[in-house]
Amino acid sequence: MSDQLKFIVGELNKDPLNKNVNLISFNSLNTEQILQVLTDVLAEVDPSHKVDIREEDPEQTTVRILEMLRILKYKPGPDTSSVAFRQALVQGDKNIIHPIIEWLFHNMADLKKRAYLAQYLVKVEVPVDILSDADVSTLYEQYEQLMEDFKSLHKESEALKNSGYSTAELRSDLDTMEREKDIVIKRIERMQKKVESMANREAMLSAAHTLRLEREREKELANQKQEQQTALSHAEQRVGRLQQQLKDARQASTGATSEGLLQRLEEETNVTTYIVKQKLPKELEARQLEVQILGKVLSEPAMGREDLDILNNKLQVINGEINQLVERHLATKNPSEDKLAPFRQQAAIIARKKETTAELLGELRGKLTSLNEELDELAGEAVLGGEEFKRYVNKLRGRSSLYKRHRAELLALKAESGVLTRTIELLQTRNESVRQGLSAEEMRHGVAGFQVARQKLEQVSVEKAAVDQEKGKTLEDISSLVQQLSQRIASKKAQLAPIIKELRPLREQHQELSTEYEKKKKIHDTTAAGLESSTGKLEQEVKSLREDLEEDESQCYMLEAQCVIYQVRLDRLTEEIKFYISSNPGDKARSLR
């Protein structure tokens, strides 16, 4: 949690948020403030979320944040249900909001891209009854088609951005091509001026055209010739390889008889049967057992030192009981009476030899397959020449000698595997005969089933040893993991000790400041309430005075206009009186009267 808070605080203090908070102040934010921080972080992803939640309805805020988290595909923890997540988000639970903010900061670039695409790719839900309208359905199909076009264009844009091309390079290439085009045009104009003065211009032009066509045809023929030579070389190499295979097959079949071929097929069949029916099932069973043990270890809860001590004590008790059973069995067993011991020992030695031979055979087959693949790759390459061909021939000779040596070893191993298989069959027949004689002896002495019980006990002891070995490995791994965790916890405690010492006085100071803050907040709230009420009254008075002022101004403008009209009338009346009382006949004529 401390690392999470440090990361969030560090990101909040960076550009462009610049919140200027510390761990204590961020951890002490109330519900409204923490939701405002979440909204600011979401605004960095999508600028449409840049709002002040104090001016927004709480329900609308919750719906907006949940919708944005759904678009960004945020998944809460597996222990948190959707209903509990919504309630915790409404209540401003820090255990829910802090992981959301951390996730947003960790994936900021991808989330910005996802939010940008969501503006164009999130479909508008249209009710079915409205979609039944033909015009609406046509528009909705066009809308979906435009969305698909946007997807394809966006993919092309991303591909171009990631292709490594830059606009500067493309512009420079275009400028270069334009300059080359101008140079070519000027050359063509100069050549046309030279050609216009020639007498046989048409004949020369047709000859030049024919020459150009013949040169292009010559290039095409040269390319075809090169392709044919390459194909011929590949075919010759393939023929040589097939001839070599035929030669090897003839050498291998020289002096071979039907009995030898059948014996070789029987040996190969026996080897394959052993690998398929014995070796591979054992390896598969071992892997499945290992997977089961690891699954059990993963499914169990985390163990502490006490649990490990309890398991070690149980393991010691079970080992003691097994040792007692083995000692009791050895005390009742006479080694001289065990007639199958040398055969069993010899069979175990042969089985180990078979396992090692099968492993070596698998390695040689893998090498042979890789060499054949490399040979096919070399055969598909272009024709080499000169020093490269000499080096290739020397390398091929070394590979050929290595292949022949490995092939001889493989044949020897196959022969040895056939001999070992035949020896096992003989030993199994002898084992059956001895087992039948031993059963008859047990029946005669009245101890029938003793050999079967002893074999089962030995099998149980072997399985118990394997299980004990796996348990020992598991316990060692768990104990080492517990030690590592203990060391990490101790180191973290040592690192946190001075911080905790520094934090204690800060906590006390925080408590004091919190109480003082609550007092000041109450005073502030009461003062703010009084100021808001007085402000409301003043705003009403100001509003009424402004309305009166507007009415007075409009009346004033109207009176000014009337004054102007009356002044004009007065001027006209004065002028008329002047003309009327004047003795000048011209003024008399100008008088309206």
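Residues numbered from 1 in each chain as written. Predicted model: local features only at pLDDT ≥ 70, side-chain atom pairs only at ≥ 80, totals over all residues. Heavy atoms only, no water.

An unreviewed UniProt entry lists the chain under the name Intraflagellar transport protein 81 homolog, with Timema tahoe given as the organism. Within the UniProt record for the chain, the comment given under Subcellular location (unreviewed entry) is "Cytoplasm, Cytoskeleton, Cilium basal body". The record in UniProt for the chain states the following under Sequence similarities (unreviewed entry): "Belongs to the IFT81 family." (UniProt positions renumbered as here; feature names shortened; annotations may be inferred.)

Participant: Even after reading the chapter, I still don't get the pattern of salt bridges, so can you show me in this structure?
Facilitator: Close approach of charged atoms allows side chains with opposite charge to pair. Within the structure shown, the criterion is met by nine salt bridges. Between aspartate 40 and lysine 19 there is a salt bridge; the shortest N-O distance is 2.4 Å. Separated by 21 residues along the polypeptide, aspartate 40 in helix α3 (residues 31-45) and lysine 19 in the loop between α1 (2-12) and α2 (23-27) bring together distant segments of the chain. (Salt bridge = Lys/Arg side-chain N within 4 Å of Asp/Glu carboxyl O. Helix = DSSP H or I, 4+ residues; strand = E, 2+ residues; numbered from the N terminus.)

Participant: Got a minute to help me understand the side chain of glutamine 4 in this structure?
Facilitator: Checked against the element boundaries, glutamine 4 lands in helix α1. Classification of glutamine 4 by relative accessible area gives buried; the value is 12%. Discounting residues that sit within four places of it in the chain, glutamine 4 has contacts with His98, Pro99 and Glu102. (Buried < 20%, exposed > 50% of the residue type's maximum accessible area, 1.4 Å probe, protein only. Contact = heavy atoms within 4.5 Å.)

Participant: What am I meant to see in the nonpolar core here?
Facilitator: Nonpolar side chains in soluble globular proteins generally cluster together in the buried interior. One finds Phe26, Leu38, Val41 and Ile100 to be the most contacted residues of the largest nonpolar core, which totals 32 residues. For this core, the elements supplying multiple residues, two or more each, are α1, α3, α4 (58-71), α5 (82-91), α6 (94-106) and α7 (108-121). With seven residues, the top contributor of residues to this core is α3. (Core = buried A, V, L, I, M, F, W, Y, C linked by side-chain atoms within 4.5 Å.)

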